Amino acid sequence: MHLLSCADPDQPLRLVQPRTAGLEYFVAHSQGQLYILTNANGAANYQLMTAPLHTPCSAHWKPLVPERPGTAVEDLEVYASHAVLYERQQGRPAVSVLNLLAQASKAADSEQQAAGVFQDSPAALTSKQQQTAHVVVEVCNALPTSQRQQHELEQEKRQQQQQQKLQHEENQQAVSQQQRQQQQQQPGAIVAEHPQPAQPQLATLSFPSWALSIQPGANPDYHTRTVRLHVASPVHPQHVYDYHLDTGHLQLLGAEQVHRHDPEQYVCQVQHATAADGTQVMTVKAEACLHGHQSGTLVELVPVFPQQQFTYAGACCSCAYPVSVRIRRTVLCSSLQHAWTS
């Protein structure tokens, strides 16, 4: 994948990452950062990583949302202030939202702390903190000799504790580096030179229990404050929602109207099964037993949206219910010669 600057399209294309066996990645851009959905480092269910715009190669990729057990990320949309992840959690569709501005602020604070910016020295403090530190030093100088010596001992003790803490962090980083070197042998792996970040604050949207299909709507505005979503199931027509990024409110705007259709007259079951290789598989069974009007034929039907027609007995007919259907199983009788599945 290559990048082209819209501000200066005459510049040559910039390669994000050369082709690597087993490595897949998808790139989005926001506020000078690249957001990369990838299977790097053996993340079979994909993880979200970031990279600076001017150094996009995998050596600079940092994990933002690591791979999570039971969750597969299928798609990504990035806006000016938020990233929206379209996922499957335990097989069911889900949507998670990440506040990029809050995450960037938290990452900046972590980097400053790691660099020692907030050490207890007057040079690293704000002006107000410097004034406070100066007053403390003057007070300490005015103390009697015995109290001053005790204060110096306590300060030396705190410095030793800080050094021990830094040594512990260095040892952890050395262990992590050894683990990353071992991962380098895996297909599609990259070596990240940065420690794993804290778990990001992901907001998972709450949809009705029947929601088995969640698709993004038309969201062309990069600076949008709402995200349009389409939600449906095999027995529920499309419902349109707006998710408000600032407030976290999920608003139902409306639903597709299907004449004389009642979802309560249909049964929709979600079942999990274990495949021969141990993989968990989710199946959805939606059905209703309806009596056809020709030759007493009993047809078991599965509703499908949008509306279509189905064919049986050599003719194109409409169902007794006005909802679109496809034939799931047919009980043949003497007057029914042919049946098709649409």
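Conventions and cut-offs
- Residues numbered from 1 in each chain as written.
- Predicted model: local features only at pLDDT ≥ 70, side-chain atom pairs only at ≥ 80, totals over all residues.
- Heavy atoms only, no water.
- Pairing = 2+ DSSP bridges.
- Helix = DSSP H or I, 4+ residues; strand = E, 2+ residues; numbered from the N terminus.
- Axes fitted to C-alpha atoms, helices over the stretch in contact; angles between N-to-C directions.
- Salt bridge = Lys/Arg side-chain N within 4 Å of Asp/Glu carboxyl O.
- Buried < 20%, exposed > 50% of the residue type's maximum accessible area, 1.4 Å probe, protein only.
- Phe/Tyr/Trp six-rings, centres within 6.5 Å; stacked < 30°, edge-to-face > 60°.
- Core = buried A, V, L, I, M, F, W, Y, C linked by side-chain atoms within 4.5 Å.
- pLDDT = per-residue confidence, 0-100.
- Contact = heavy atoms within 4.5 Å.

Novice: Quick question: what am I supposed to make of the sheet that holds strand β9 (residues 92-99) here?
Specialist: The strands making up a sheet are joined through hydrogen bonds of the backbone, oriented either antiparallel or parallel. Pairing is antiparallel in the open sheet, where four strands are placed in the order β7-β8-β9-β10. Edge strands, defined here as strands with exactly one partner in the open sheet, are β7 (71-78) and β10 (202-204). Each strand axis lies, on average, 30 degrees off the axis of its neighbour in the sheet, ignoring direction. Of the strand pairs in this sheet, β7 and strand β8 (residues 82-89) are connected by seven bridges, and their pairing is antiparallel. Residue Leu 76 lies in a different strand from β8, and its bridge partner there is Leu 85.

Novice: Explain the pattern of salt bridges to me, please; I cannot follow it from the model alone.
Specialist: Where charged atoms from two side chains of opposite charge approach closely, those side chains can pair. Overall, the coordinates contain four salt bridges when judged by the stated rule. A salt bridge links Arg 68 to Glu 87; the shortest N-O distance between them is 2.5 Å. In this pair, Arg 68 sits in the loop between β6 (62-65) and β7 while Glu 87 sits in strand β8, placing the two residues 19 residues apart along the sequence. A salt bridge links Asp 242 to Arg 228, with the shortest nitrogen-to-oxygen separation between them at 2.5 Å. Taken as a pair, Asp 242 in strand β13 (residues 239-244) and Arg 228 in strand β12 (residues 226-232) lie far apart in primary sequence, 14 residues in all. When its relative accessible area of 9% is taken as the criterion, Asp 242 is described as buried. According to the relative accessible area criterion, Arg 228 is partly exposed, its value standing at 30%.

Novice: It is not clear to me how the packing of aromatic side chains should be interpreted in this structure. Could you clarify?
Specialist: Aromatic ring pairs are defined here through the distance separating the ring centres and the angle between the ring planes. Counted under the stated rule, the structure contains three aromatic pairs. Here the aromatic rings of Phe 26 and Tyr 46 are separated by 6.3 Å at their centres, their planes lie at 40 degrees, and the arrangement is tilted. Placement of the pair is Phe 26 in strand β3 (residues 25-30) and Tyr 46 in the loop between β4 (33-38) and β5 (47-52), with a sequence separation of 20 residues. Note on Tyr 46: relative accessible area 16%, which makes it buried.

Novice: Explain the nonpolar core to me, please; I cannot follow it from the model alone.
Specialist: In a soluble, globular protein the nonpolar side chains are often hidden away together inside. Counting 16 residues, the largest nonpolar core has Leu 205, Phe 207 and Leu 229 as its most contacted members. If you list the elements that add at least two residues to this core, you get β8, β9, β12 and β13. A per-element tally of this core places β12 first, with three residues. If you look at the next biggest cluster of nonpolar residues, it comprises 14 residues, including Tyr 35, Leu 37, Tyr 46 and Leu 98.

Novice: How should the confidence of the model for the protein chain be read in this particular structure?
Specialist: It should be kept in mind that the predicted coordinates are not to be read in detail where pLDDT is low. The pLDDT averaged across the protein chain works out to 74; a share of 61% of its residues lies at or above 70. Within the model, pLDDT remains below 50 along residues 291-342, and this stretch shows 112 contacts once partners closer than five positions in the same chain are excluded.

Novice: Where do I start with unusual backbone geometry in this structure?
Specialist: Note: most residues except glycine have negative phi, and most peptide bonds are trans. A positive phi angle, close to 60 degrees, is found at Asn 41, a residue other than glycine. For Asn 41, the location among the structural elements is in the loop between β4 and β5. With a phi close to 55 degrees, Gln 90 is a non-glycine residue in the positive phi region. Here Gln 90 lies in the loop between β8 and β9. Judged by relative accessible area, which is 58%, Gln 90 ranks as exposed.

Novice: How do you make sense of the sheet that holds β5 when you look at a structure like this?
Specialist: Pairing is antiparallel in the open sheet, where four strands are placed in the order β3-β4-β5-β6. Edge positions in the open sheet fall to β3 and β6, since each of these has one partner strand only. If you compare each strand with its neighbour and ignore which way they point, the axes differ by 35 degrees on average. Alignment of β4 against β5, held across six bridges, turns out to be antiparallel.

Novice: How should the side chain of Thr 71 be read in this particular structure?
Specialist: With respect to the element layout, Thr 71 can be found in strand β7. On the basis of relative accessible area, Thr 71 is assigned to the buried category, the value being 9%. With near-sequence residues (within four places) excluded, Thr 71 lies in contact with Asn 45, Glu 87, Arg 88 and Gln 89.

Novice: Whenever I open this one, the side chain of Thr 50 confuses me. Can you help?
Specialist: By the element assignment, Thr 50 lies in strand β5. When sequence neighbours within four positions are dropped, the list of residues in contact with Thr 50 reads Gln 33, Leu 34, Tyr 35, His 60, Trp 61, Lys 62 and Leu 64.

Novice: Teacher, can you tell me more about the pairing of β9 here?
Specialist: Regular strands place side chains that alternate from one sheet face to the opposite one. The element β9 is largely enclosed, with a buried count of six among its eight residues. Across eight bridges, β8 lies against β9 in antiparallel orientation. Looking at the pairing, Glu 87 lines up with Ala 94 of β9. Hairpin geometry of β8 and β9 is characterised by an intervening segment of two residues between the two adjacent antiparallel strands and by a positive phi of about 55 degrees at Gln 90. Note that β9 and β10 share three bridges and pair antiparallel. Considered in β10, the bridge of Val 97 is made with Ala 203.

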